[in-house]
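# Structural overview
These are the residues of each chain, in order.
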Amino acid sequence: MGTCELGRPLPTASPEAHTPHATVAAEQAELIGGWRLLLACVAGVAFGSIGFATYSIGAFVKPLEAEFGWSRADVQGAILFSMGLGGIAAPLAGMLIDRFGARLIALTGLIGAGIGFLSAAWATSSIWTFYLAYALVACLGAGSGPVSWTRAIAGQFQKSRGLALGLALSGTGVSAIFVPPYVVSLIESFGWRIGFVGLSLLPVAIALPIAYLFFRPRDTAMPKPGSGVQATQQPGLTALEALRSYRFWVLMLSIIAMYLGITGIIPNLIPALTDRGYSPSAAAAVQSVFGLAVIFGRLLVGWLIDRYWAPAVAAAVLTPPVVACIIFLNDVPYAAYLFAALLAGMAAGAELDLLAFFTARYFGLRSYARTYSLLYAGVAVAAGIGPAAFAYVYEMTGSYNASFTLAAILFAIGGPCVLTLGRYPSFTQAQSAGAAPAEITAGRGKR
């Protein structure tokens, strides 16, 4: 049987092959068959270089402020080094994945991330030693970022790609649930330095063994020159062709707006709520609800985009955080903060899942790692700027109200703009062999 867009089966004469029951059965079989890869990706996303850097920094704000006199903006400026440099390193990681394969790059990156977090435990009164540690997390751990894990998922799952991406990227939700209370407990019992030692163990002691055993994706490496093995190009655009597409820049606008807002909120939840009189444990519980929502949002959105037009699903999930920001602006009952965290978490869970899905559907798999890494650079830079910018606005105004107002505006832009992406394109075999791009409207992409 032939294949069409992104490896999806061509229609056949057998009507029962297209029944809802047969489709669900095929999706379930694909997921069950790939459970080992999915488990490895969940662990890698959760405890790789990006998974918990943002979720953990809030717990260190006040301890570092007390010991060294650093401001909140100073402490959270570390995320700019971690995420910002991670964004710069992401395209390089994408190139290495295309050259050497995702497995080697991912395993090496997990070790590098552990080294980076361990070095933060030896920070001195010079804040640059602290920033250097987070720079090491970004540079040494670049291979453990989402590029490696999503490339493996996109290449191995076709019928259930959206849900598989949702499952894999739910690792960030695992981080959001587990890491804040874990770090708060370590800091309260042993101090902030042991908190960083505890963080360094997560990529090496948990993610690395699981990835070593189970992360064996279909080969993404280019054949070595002179090996006699011929490269097999998959359908889609080159990275340069993707850059020339308006869709690339629509996605870039959306992810920058969303991640400025999301990452501005996440690390500031604990200090913002403790400022209002809540205990660190109660504030961490709100952030844990955020993490639960991340997982639920990823899985729900992943299931939906396998069945419905993904931009409509995206707009419906990415816009409600405007309401969350309005709640965070006010002194409301504790339950309302939990609800706001749920709305924001749903959007945070959906965004990275949607970015991987959109990259595969709108640009194809031909240069997935490079194209995704370029878009992810926007995620990383925005995620690096957001926490420090929110903290800086707090220092200028004495409250987080201006930041939450700005976040509401960003969500109102980032959510609806994806509706302009249009129908899914279909990539011809001629194009994958190097001919000029040709887009044919796919039947599964109707609005």
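Let us look at the structure shown here.

Conventions we followed
- Residues numbered from 1 in each chain as written.
- Predicted model: local features only at pLDDT ≥ 70, side-chain atom pairs only at ≥ 80, totals over all residues.
- Heavy atoms only, no water.
- Phe/Tyr/Trp six-rings, centres within 6.5 Å; stacked < 30°, edge-to-face > 60°.
- Helix = DSSP H or I, 4+ residues; strand = E, 2+ residues; numbered from the N terminus.
- Buried < 20%, exposed > 50% of the residue type's maximum accessible area, 1.4 Å probe, protein only.
- Lys NZ or Arg CZ within 6 Å of the ring centre and 35° of its normal.
- Arc of directions from axis to C-beta.
- Contact = heavy atoms within 4.5 Å.
- Axes fitted to C-alpha atoms, helices over the stretch in contact; angles between N-to-C directions.
- Parallel < 35°, antiparallel > 145°, perpendicular 65-115°, else oblique.
- Left-handed = near helix turned anticlockwise from the far one by under 90°.
- Expected span 1.5 Å × (residues − 1).
- Nonpolar A, V, L, I, M, F, W, Y, C, P; charged D, E, K, R; others polar.
- Salt bridge = Lys/Arg side-chain N within 4 Å of Asp/Glu carboxyl O.

The next point concerns the packing of aromatic side chains. Here the structure, examined in full by the defined rule, presents 27 aromatic pairs. Taking 6.4 Å as the distance between ring centres and 65° as the angle between the ring planes, the aromatic pair formed by Phe-357 and Tyr-424 counts as edge-to-face. A residue pair is termed long-range when its members are at least 10 positions apart, and Phe-357 in helix α17 (residues 334-363) and Tyr-424 in the loop between α19 (401-414) and α20 (429-432) qualify at 67 residues. Take Phe-357: its relative accessible area is 0%, and that puts it in the buried class. What makes Tyr-424 buried here is its relative accessible area of 2%. What links up through ring pairs into an aromatic cluster is the set Phe-60, Phe-68, Trp-70, Phe-117, Phe-130, Tyr-134, Trp-192 and Phe-196. Over the ring of Tyr-212 we find Arg-103; its NZ or CZ atom is 5.2 Å from the centre of that ring.

As a further point, take helix α16 (residues 321-328). Within α16, burial applies to Pro-321, Ala-324, Cys-325, Ile-327 and Phe-328. In a view along the axis of α16, the buried residues occupy a sector of 160°, so they form one face of it. The inward-facing, buried residues of α16 abut α12 (246-265), α13 (269-275), α15 (310-318), α17 and α19.

Between helix α9 (residues 171-190) and helix α14 (residues 280-305), whose axes approach to 6 Å, the crossing angle comes to 160°. As summarised for this structure, α9 and α14 are arranged roughly antiparallel, according to the angle between their axes. In this structure, the crossing between α9 and α14 has a hand that is left-handed. For the pair α9 and α14, the contacting residues are Thr-172, Gly-173, Val-174, Ala-176, Ile-177, Pro-180, Pro-181 and Glu-188 in the first and Pro-280, Ala-284, Gln-287, Ser-288, Phe-290, Gly-291, Leu-292, Val-294, Ile-295 and Arg-298 in the second.

Okay, helix α18 (residues 368-397) next. Between its first and last C-alpha, α18 extends 43 Å over 30 residues, near the 44 Å set by a 1.5 Å rise per residue. Positive phi shows up at Gly-398, right after α18, with a value of about 85°.

Interhelical geometry of helix α8 (residues 161-169) versus α17 gives an angle of 145° and a closest axis separation of 9 Å. In this structure, the crossing between α8 and α17 has a hand that is right-handed. Taken together, the residues of α17 that come into contact with α8 (itself represented by Arg-161, Gly-162, Leu-165, Gly-166 and Leu-169) are Leu-352, Asp-353, Ala-356, Phe-357, Ala-360 and Arg-361. Residue composition of the contact of α8 with α17, by class: 6 nonpolar, 2 polar and 3 charged.

Working definition: two side chains of opposite charge can pair if their charged atoms are close together. Under the counting rule described, the total for this entry stands at 2 salt bridges. Between Asp-275 and Lys-62 there is a salt bridge, with the nearest N and O atoms lying 3.7 Å from each other. Separated by 213 residues along the polypeptide, Asp-275 in helix α13 and Lys-62 in helix α3 (residues 53-68) bring together distant segments of the chain. Classification of Asp-275 by relative accessible area gives partly exposed; the value is 36%.

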